[in-house]
Amino acid sequence: MGMSGGSAEGNDKSEGQSFSCKNKLTALVVDNGGVCRVIQTALLRSYGVETEAVETGEAEVELIASGATFNLIIIEMLLPVLNGPETARQIRTMGAQSMILGITAFFDERDQQEFLAAGADEFIEKPLSPEVVIPIIRELHN
Amino acid sequence: MEVGQMQRRLIEYTKSLFMEGILDDQFLQLQQLQDESNPDFVVEVVSLFFQDAEKLLNDITRALDQQSVDFTKVDAHVHQLKGSSASVGAQRVKNGCIAFRNFCEEQNVDGSLRCLQQIKQEYYHVKNKLEALFRLEQQIVAAGGSVPMMELSF
């Protein structure tokens, strides 16, 4: 998925960065907290990423099982019932190729190891910020 | 009071919230996400934060009131409260959650109860401050002015 030629258009909110919307990136936010879900979704959409959100790992697994694909999936560590790493493990087993970003309120190295071993690409502490999102979007476009 | 004066008052009031450590830069990020297609984003998200935070504080209070405290449950509630307070820029509430979690890890009920009281105080403090800020914004709009935006610090 590369940048298209011609003038780029986007939904830049800071630093004058803009991205082509010809091949729109897609993302899924998985967080049982409403505030985080809304803010992460709004942040991604502000960069032109088509974003959906679900509350549980089970809902995410169902979506992937139904054939939905996303360039990026952001998964909260401490989801109830099916936690973040287990959710990541299940969708990787199903063949999901998405970039997976594990996210948590309290960074912990053991949680990081668990999430990365389960198939996440990165693990960060909240809040999700442009400093994290912009490089990810660049990487996904490349 | 004319619009210009109200705008200056709002800027000074907002600055004071940052200087006192009540809000951090994440609140500015929220303001950056507000635009013509989403003109009430900040008020809506902060209102959601108020609802979630009060529920979580009640849940934590009930959990600590049990004969045998389930600290896994308490930890999950604190985790969510820290995540949401960090995401809206409520710095002192966020910092309270960090301190609280240490007591949870020690399974220290007394320490947790003291810390919870502190978090509740900080929460109601930031709630009052933000409600006052939104009232100032409403007054400016009602007078025909526009709400000035703070600049990002990074």
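Our structure's up above, just so we're on the same page.
Keep in mind that what you see is a predicted model, and the values were worked out from it rather than measured. (Residues numbered from 1 in each chain as written. Chains lettered and ligands numbered in written order. Predicted model: local features only at pLDDT ≥ 70, side-chain atom pairs only at ≥ 80, totals over all residues. Heavy atoms only, no water.)

Participant: Outline the pattern of salt bridges, supporting the account with residue identities and numerical values.
Facilitator: Evaluation of the coordinates by the stated rule reveals 16 salt bridges over all chains. Among the ionic pairs, R110 of chain A bridges to D108 of chain A, the shortest N-O distance being 3.4 Å. For R110 of chain A, a relative accessible area of 64% translates into the label exposed. Exposure remark for D108 of chain A: the relative accessible area of 17% places this residue in the buried category. D75 of chain B serves as the salt-bridge partner of R101 of chain B, at 3.0 Å between the closest nitrogen and oxygen. Within this pair, whereas R101 of chain B is found in helix α5 (residues 91–106), its partner D75 of chain B is found in helix α4 (residues 71–88), the two being separated by 26 residues in sequence. (Salt bridge = Lys/Arg side-chain N within 4 Å of Asp/Glu carboxyl O. Buried < 20%, exposed > 50% of the residue type's maximum accessible area, 1.4 Å probe, protein only. Helix = DSSP H or I, 4+ residues; strand = E, 2+ residues; numbered from the N terminus.)

Participant: I'd like a rundown of the packing of α5 of chain B against helix α6 (residues 109–142) of chain B, residues and numbers included.
Facilitator: All names here are of chain B. Running from N to C, α5 and α6 point in directions that differ by 170 degrees, and their axes come no closer than 9 Å. By the criterion of interaxial angle, the relationship of α5 to α6 is roughly antiparallel. Across from R92, V93, G96, C97, A99, F100, F103 and C104 in α5, the residues of α6 making contact are G111, S112, C115, L116, I119, E122, Y123, H125 and V126. Considered class by class, the residues forming the contact of α5 with α6 number 11 nonpolar, 4 polar and 2 charged. (Axes fitted to C-alpha atoms, helices over the stretch in contact; angles between N-to-C directions. Parallel < 35°, antiparallel > 145°, perpendicular 65-115°, else oblique. Contact = heavy atoms within 4.5 Å. Nonpolar A, V, L, I, M, F, W, Y, C, P; charged D, E, K, R; others polar.)

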